[in-house]
Amino acid sequence: MYPAIGDRQIRALRREDIKEIVATMTRKGLSASRISQAHLVINAVFNETVRDKKLAESPCAGIPVPVIVRAADFILPDAGQLEALAAGLPADWAATIWLMYGCGLRIGEALAVRTRCRINQDTVLRIREQVNPVAQLRPLKFRVAGGTATDGYLFQGRKHKLVIRRTYQEDFDRAAARAGLPPEFIPHSLRHCYASVALARGIPITEVSRWLGHKSIEVTHQTMGTSSPPLGTGPGPYSTTPTDPKRRG
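Everything quoted here is computed from the prediction, not taken from an experiment.

### Remarks on helix 5 (residues 95-103)
1) Next: The complete set of buried residues in helix 5 reads Thr 96, Ile 97, Leu 99 and Met 100. The buried residues of helix 5 occupy an angular sector of 170° when projected down its axis, which confines them to one face.
2) Next: Its buried side turned inward, helix 5 meets helix 4 (79-88), helix 6 (107-110), strand 2 (124-125), helix 7 (165-178) and helix 8 (187-200).
3) Next: In the segment just after helix 5, Gly 104 is the residue with positive phi, at about 75°.

### Some words on the nonpolar core
1) Next: Core analysis: the biggest nonpolar cluster contains 33 residues, and Leu 85, Ile 97, Met 100, Leu 111, Tyr 168, Phe 172 and Leu 190 have the highest contact counts within it.
2) Next: Only helix 4, helix 5, helix 6 and helix 7 provide two or more residues apiece to this core.
3) Next: Considering every element that reaches this core, the biggest residue donor is helix 7, with 4 residues.
4) Next: Excluding residues that lie within four positions of it along the chain, Leu 111 makes contacts with Thr 96, Val 131, Phe 155, Val 163, Arg 165 and Tyr 168.
5) Next: If you look at the next biggest cluster of nonpolar residues, it comprises 12 residues, including Leu 13, Val 22, Met 25 and Cys 60.

### Brief notes about the pattern of salt bridges
1) Next: According to the stated counting rule, one finds 10 salt bridges in the structure shown.
2) Next: With a shortest N-O distance of 3.4 Å, Glu 129 and Arg 114 are connected by a salt bridge. One end of the pair, Glu 129, is in strand 3 (residues 129-131); the other, Arg 114, is in the loop between helix 6 and strand 1 (118-119), with 15 residues separating them in the sequence. With respect to burial, Glu 129 and Arg 114 carry one shared label: buried.
3) Next: Among the salt bridges present, the one from Asp 171 reaches Arg 174, with a minimum N-O distance of 2.4 Å. Of this pair, Asp 171 and Arg 174 both sit in helix 7, separated by 3 residues, roughly a single helical turn.
4) Next: Overall, Arg 174 belongs to the partly exposed group, its relative accessible area being 44%.

The rules we used
Residues numbered from 1 in each chain as written. Predicted model: local features only at pLDDT ≥ 70, side-chain atom pairs only at ≥ 80, totals over all residues. Heavy atoms only, no water. Buried < 20%, exposed > 50% of the residue type's maximum accessible area, 1.4 Å probe, protein only. Helix = DSSP H or I, 4+ residues; strand = E, 2+ residues; numbered from the N terminus. Arc of directions from axis to C-beta. Contact = heavy atoms within 4.5 Å. Core = buried A, V, L, I, M, F, W, Y, C linked by side-chain atoms within 4.5 Å. Salt bridge = Lys/Arg side-chain N within 4 Å of Asp/Glu carboxyl O.

As structure tokens, this is what we get:
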């Protein structure tokens, strides 16, 4: 990207320039993933420029890029189903639904939330660890281990201090069935709902990727796809691209 446009001012770039970058990468035989990642980076720069009111609109908007056929399909529950899902869990675990749906947490991260995670006068929730499948504290993905204490955790296990993931999953499956959700709806689906709503509201994918803790925006793009469903439509596909159903973000 830099050799193509790095010496030019942002306001001097036009849609034709972005189209030419995509076309050149395509002619060189670069993968759809590589081309889409380049487009995402350029678009992120222009989105910030638009947000800072330096430009009226991004020249990247609406420019087609090669389709990546790896985005996951998932179910978007309506408000009633979410309420029923939370009500169907043991009462002391119900808040995990809102942490995963409202904050985009993985199940292990949600189960590791404690009172000390609230910082900046309760305006920020910062998770520094996760609970693994056998109820042990472990570092977050892509993080190294650090010292932790075991006090203040919101969700307690039955036989252990923390929650065994299999036990939670069994309760979740029963609650989801009672809420009218299909078997494919898993705890991780709530994280995808969070990303969908954020993207649908126009939050840049760079920010969504950072909040989700993805290693790169390419991971976010490949997992979440290039489109989001309209809000309030109930169950429906997250994207229109085919996928391996076992692939998760």
